[in-house]
Amino acid sequence: MVNVNDKTLPRFKVIIDYERCIRCGRCVKNCTYGAIVFDKKKETVGKDGNEKKKGKDKKEKPEPVVKNTGNCVACQRCVTFCPKDAIEIVPYPVAFSPHATWTPYHLRSIMEQARTGNVLLAGNGNDRPYPMVFDYLVWDACQVTNPSIDALREPIETRTYIGRKPKNLAVVEKGGKFELDEMAPNIATSMPLIIGHMSLGSLSYNAITSMYRAVKEVDTMMGTGEGGLHKDHYQYKDHLIGEIASGRFGIDTDYLGLSAIEIKIGQGAKPGHGGQLPGEKVTELISETRMIPLGTDALSPNPQHDIYSIEDLKTLIAALHEATEYRVPIGVKIAAVNNVAAIASGIVRANADFMTIDGFRGGTGAAPRVVRDNAGIPIELAIASVDQHLRDERIRHKVTIIAGGGLRSSADLIKIIALGADVGMVGTAPLIALGCKVCQQCPTGKCSWGIATGSPELGNRIDVDWGTRRVANMLRAWNADLEEVLGTMGIDAVESFVGNRDRLRYIGPNPVEGEILGVKHAGERIGRGGE
Ligand code: SF4
Ligand code: SF4
């Protein structure tokens, strides 16, 4: 007897319009979740509804049929590829009895855990409808008293340097020539926008290659993630930041020759949590890249086992500076958590050249949903707090701050820079440029768009030239937006905009939030109180 409680209730309904359908079968081929299949029975029935003689009526094509609408994850792959716009994906009309406490989110979670007894895994970022601080911020524009700049006709400087900055610049004489005194290593990018760490294994070879090529094309950076770097990808090394995570995968002397090295302590999507790539996903490509035996589990423990204090962190940063002969900046990546400002101060004092702070909306290939949806703090509040704290301690100038975890648009990038970040970091946005529909099924490895999958067959769904163009276009467009906006504010170099919170105004409901952001409320006068 079937236990009715074991049935997973569908979330989406797939509707095929057979009047429009030409039986091309593209939907069947493209649906990796088994929601649409060919109807074997109907293969024997012609368009006129009469029985076909098997094997004779060769012109009749098999009919697509919705086998299991409960498998549909609304990835929109079938809709995109249907040449006749014959498919519709709509929310499945399951009406739960209305209850403000027991929402569909909670009901479905309990039903799923009662069915499986497992931790629920999810991909992408936190999907809870928490207030979006970015949406409570608006920026300023020049009117009358200072002129705006026409970004189409006048230069706006967006070149950005990642690395430790000197307090003063000194000119020294060397062999009869004058030159700048030795500076800590910095890497230059054409824009204050980079792609964050994503590893081969969590993403397909073609998805990763498209993004590496795109950052090279627009002259910015991308993180390798914790999975090492495949030998084919060393040609992009001048545009890559190598990650050293707790699993220490794929690290050798070549890897230390990348543009920058970053120690991963935490990730916004799963603060305090490591990761695991199950053995079946450790294919030849992954085993070669991560330098681990074929088919073994790739475990990244929650902590870095040699870092239990700021002193330990300082020792590892010093070791990496030595190992890289002080040629590249060394950074530290942390998740945005409650005491992020104090931790950031420790990181600067441990001699990091840059730090990445990843907010609680950051994406992931797989995280326990309970962690993804409830741990950490929004990046907007974290960055404002860190920037102010480091300024108060007079050490802000020493470090480059990279901020990510929920940047959805160029507007968010502009706001996070004004709140104190030198560089914005994106992960989900370039995946969306590659076709991702944020269906959150990344841990299944069945990604119909060929992005979050280890399957070479699915990965080949991405044409690398097309993918490169899409990602490069997105990066360029965001930077062009930034230039436009800086122009409207009369600012000709993004450097002057970093932490310039006076150019933002708060329009949200919570005065404490505005205070933490260090942003005046809209309408509040400058110089209020007779200053
Ligand atoms: S939207 Fe995606 S999962 Fe749903 S039927 Fe279409 S291809 Fe399959
Ligand atoms: S892709 Fe569209 S036209 Fe082709 S079989 Fe599916 S529903 Fe019919």
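Basis of the calculations
Residues numbered from 1 in each chain as written. Chains lettered and ligands numbered in written order. Predicted model: local features only at pLDDT ≥ 70, side-chain atom pairs only at ≥ 80, totals over all residues. Helix = DSSP H or I, 4+ residues; strand = E, 2+ residues; numbered from the N terminus. Rg over C-alpha atoms; globule rule 2.2 N^0.38 Å. Buried ≥ 20, exposed ≤ 12 C-beta atoms within 10 Å, placed from the backbone. Contact = placed C-beta atoms within 7 Å. Near = placed C-beta within 6 Å. Nonpolar A, V, L, I, M, F, W, Y, C, P; charged D, E, K, R; others polar. Core = buried A, V, L, I, M, F, W, Y, C linked by C-beta atoms within 7 Å. Domains from an automatic or database assignment. Expected span 1.5 Å × (residues − 1). Axes fitted to C-alpha atoms, helices over the stretch in contact; angles between N-to-C directions. Parallel < 35°, antiparallel > 145°, perpendicular 65-115°, else oblique. Left-handed = near helix turned anticlockwise from the far one by under 90°. Pairing = 2+ DSSP bridges.

Right, let's talk about the overall build of the protein for a bit. A tally of helices and strands in the protein yields 14 helices and 22 strands. In terms of overall size, the protein behaves like a compact globule, its C-alpha atoms giving a radius of gyration of 26 Å where 531 residues would be expected to give roughly 24 Å. With respect to the three principal axes, the spread of C-alpha positions in the protein is 95 × 55 × 50 Å. Taking all 531 residues of the protein together, the buried fraction comes to 43%. Across the protein, every contact between residues at least 6 apart in sequence was considered, and the portion connecting residues at least 24 apart equals 70%.

Right, let's talk about the site of ligand 1 for a bit. Taken together, 15 residues lie near ligand 1, and Cys31, Ala35, Cys72, Cys75 and Cys78 sit nearest. Looking at the shell around ligand 1 residue by residue, the classes come out as 11 nonpolar, three polar and one charged.

Our next topic: the nonpolar core. If you look at the biggest cluster of nonpolar residues, it comprises 130 residues, and the most contacted ones within it are Ala352, Met355, Ile357, Ile383 and Ile451. For this core, the leading source of residues is helix 13 (residues 464-488), giving eight residues. Summarising the domain contributions, this core has at least three residues from each of domain 1 (9-95) and domain 2 (170-517). Apart from residues no more than four positions distant in its own chain, isoleucine 383 is found in contact with Ile357, Ile401, Ala403, Ile416, Leu419, Gly420 and Ala421.

A few words now on helix 13. Under the 1.5 Å per step criterion, the end-to-end length of helix 13 is 36 Å for 25 residues, consistent within 8% with the ideal 36 Å. Just beyond helix 13, the residue with positive phi is glycine 490, at close to 75°.

Glancing now at the packing of helix 4 (residues 205-218) against helix 13. Helix packing geometry: the angle between the two helix axes and the distance between the axes. Direction vectors running N to C along helix 4 and helix 13 enclose 45°, while the axes themselves pass 8 Å from each other. Relative to helix 13, helix 4 is oriented oblique. For the pair helix 4 and helix 13, the crossing hand works out as right-handed. Contacts from Asn206, Ala207, Thr209, Ser210, Met211, Arg213, Ala214, Glu217 and Val218 of helix 4 reach helix 13 at Val464, Gly467, Thr468, Val471, Ala472, Leu475 and Arg476. Tallied by class, residues from the contact of helix 4 with helix 13 come to eight nonpolar, five polar and three charged.

Moving on, we come to the site of ligand 2. The full set close to ligand 2 counts 14 residues, and Cys21, Cys24, Arg26, Cys27 and Cys82 are the nearest of them. Of the residues assigned to the shell around ligand 2, the class counts are 10 nonpolar, one polar and three charged.

Note: most peptide bonds trans; most residues except glycine with negative phi. At glutamine 76, a residue that is not glycine, the phi angle is positive and equals roughly 65°. Structurally, glutamine 76 can be placed in the loop between strand 3 (63-66) and helix 2 (77-81). Residue valine 144 is not a glycine yet carries a positive backbone phi of 70°. Assignment of secondary structure puts valine 144 in the loop between strand 6 (137-139) and strand 7 (160-163). Among the residues examined, valine 144 registers 5 C-beta atoms within 10 Å and is labelled exposed.

It is worth spelling out the domain arrangement of the protein at this point. Segmenting the protein into domains produces domain 1 (9-95) and domain 2 (170-517). Computed from C-alpha atoms alone, the centre-to-centre distance between domain 1 and domain 2 is 41 Å. Partitioned by chemical class, the residues of the side of domain 1 that touches domain 2 number five nonpolar, three polar and one charged.

Along strand 17 (residues 330-335), six of the six residues are buried, which leaves the element largely enclosed by surrounding structure. With four bridges connecting them, strand 14 (residues 260-264) and strand 17 associate as parallel partners. Residue isoleucine 261 lies in a different strand from strand 17, and its bridge partner there is isoleucine 330. Pairing of strand 17 with strand 18 (residues 354-358), which is carried by five bridges, proceeds in the parallel orientation.

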